[in-house]
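A closer look at the structure
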Amino acid sequence: MTSTLSSSSSSPSSSLRLEKITPDNVAAACRLQVRPDQQDLVAPVAWSLAEAYANPEMAWPRLVFDGDELVGFVMGCFDPDNPIAAYRCGFWRLNIAADRQGRGYGRFAVAAVLAEVRRRGESRATVTWVPGEHGPQEFYLKLGFRPTGEVLHGEIVAEIHLSEFQG
């Protein structure tokens with residue numbers, strides 16, 4: 001299944017799309033690397049795919065392509081019965097290739113997951129991040145996420161209501 005969203009003028013291409021992980025693209029997905037200064041802040045794609053394999057009922061992993069080029073990975077999490085509200089609906093992982101950051105791919109991936117959130121009838125999504133100098137806090141805040149005041153496993157919890165998404 002391929003999911004395509006129209007891209008804005010700030011996006012690098014009109015051919016941005018999400019694709020499921022398949023035997024044809026899994027090796028490329030596992031080779032995707034974030035910047036070296038981010039490697040302690042986000043798990044590698046291979047780790048995320050292992051988590052998705054172990055939790056298929058809640059993981060929603062997708063690759064971000066620009067034309068034929070793999071530029072990122074995103075994994076939503078949909079676990080409506082989770083006792084921890086922050087883990088019921090939202091973002092589990094976002095990895096954009098080191099040399100492709102700052103080009104609108106992360107914004108596209110967030111918009112795509114939020115479209116899936118909406119398709120599932122939800123109105124709110126969460127994200128967590130490891131605080132740090134090279135972390136994604138400013139990225140998520142610019143998109144409209146707001147910290148909830150919670151910290152889970154050393155990670156900041158933030159939320160967005162779909163009506164407030166600035167993507």
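Worth saying up front: this structure is predicted, and the values here are computed from it rather than measured.

1. Thoughts on unusual backbone geometry
A positive phi angle, close to 55°, is found at His 153, a residue other than glycine. Counting through the fold element by element, His 153 comes out in the loop between β7 (146-152) and β8 (155-161).

2. Overview of the pairing of strand β4 (residues 69-78)
Summarising burial for β4: nine of the ten residues are buried, a large majority. Sheet analysis places strand β3 (residues 59-66) next to β4, joined by eight bridges and oriented antiparallel. Residue Arg 62 lies in a different strand from β4, and its bridge partner there is Val 74. Between β3 and β4, which pair antiparallel one after the other, the connecting turn spans two residues, and Gly 67 there sits at a positive phi close to 65°. Taken together, the seven bridges between β4 and strand β5 (residues 89-96) define a ladder with antiparallel strand orientation.

3. Some details on the packing of aromatic side chains
Applying the stated criterion to the full structure yields five aromatic pairs. Look at Tyr 140 and Phe 145: their rings are 5.4 Å apart centre to centre, the planes differ by 80°, and that puts the pair in the edge-to-face class. As far as the burial class goes, Tyr 140 and Phe 145 line up, both buried. In textbook terms, an aromatic cluster arises when at least three aromatic residues are bridged by ring pairs, as seen for Phe 91, Trp 129, Phe 139, Tyr 140 and Phe 145.

4. Focus: the pattern of salt bridges
Scanning the model with the defined rule gives eight salt bridges in all. Here Arg 93 ties to Glu 51 by a salt bridge, and the two come within 2.8 Å at their closest N and O atoms. With a gap of 42 residues between them, Arg 93 in strand β5 and Glu 51 in helix α2 (residues 45-54) connect regions that are remote in the sequence. Members of the salt-bridge network, linked through shared partners, are Glu 69, Asp 99 and Arg 100.

Each value, and the rule that gives it
- Residues numbered from 1 in each chain as written.
- Predicted model: local features only at pLDDT ≥ 70, side-chain atom pairs only at ≥ 80, totals over all residues.
- Heavy atoms only, no water.
- Helix = DSSP H or I, 4+ residues; strand = E, 2+ residues; numbered from the N terminus.
- Buried < 20%, exposed > 50% of the residue type's maximum accessible area, 1.4 Å probe, protein only.
- Pairing = 2+ DSSP bridges.
- Phe/Tyr/Trp six-rings, centres within 6.5 Å; stacked < 30°, edge-to-face > 60°.
- Salt bridge = Lys/Arg side-chain N within 4 Å of Asp/Glu carboxyl O.

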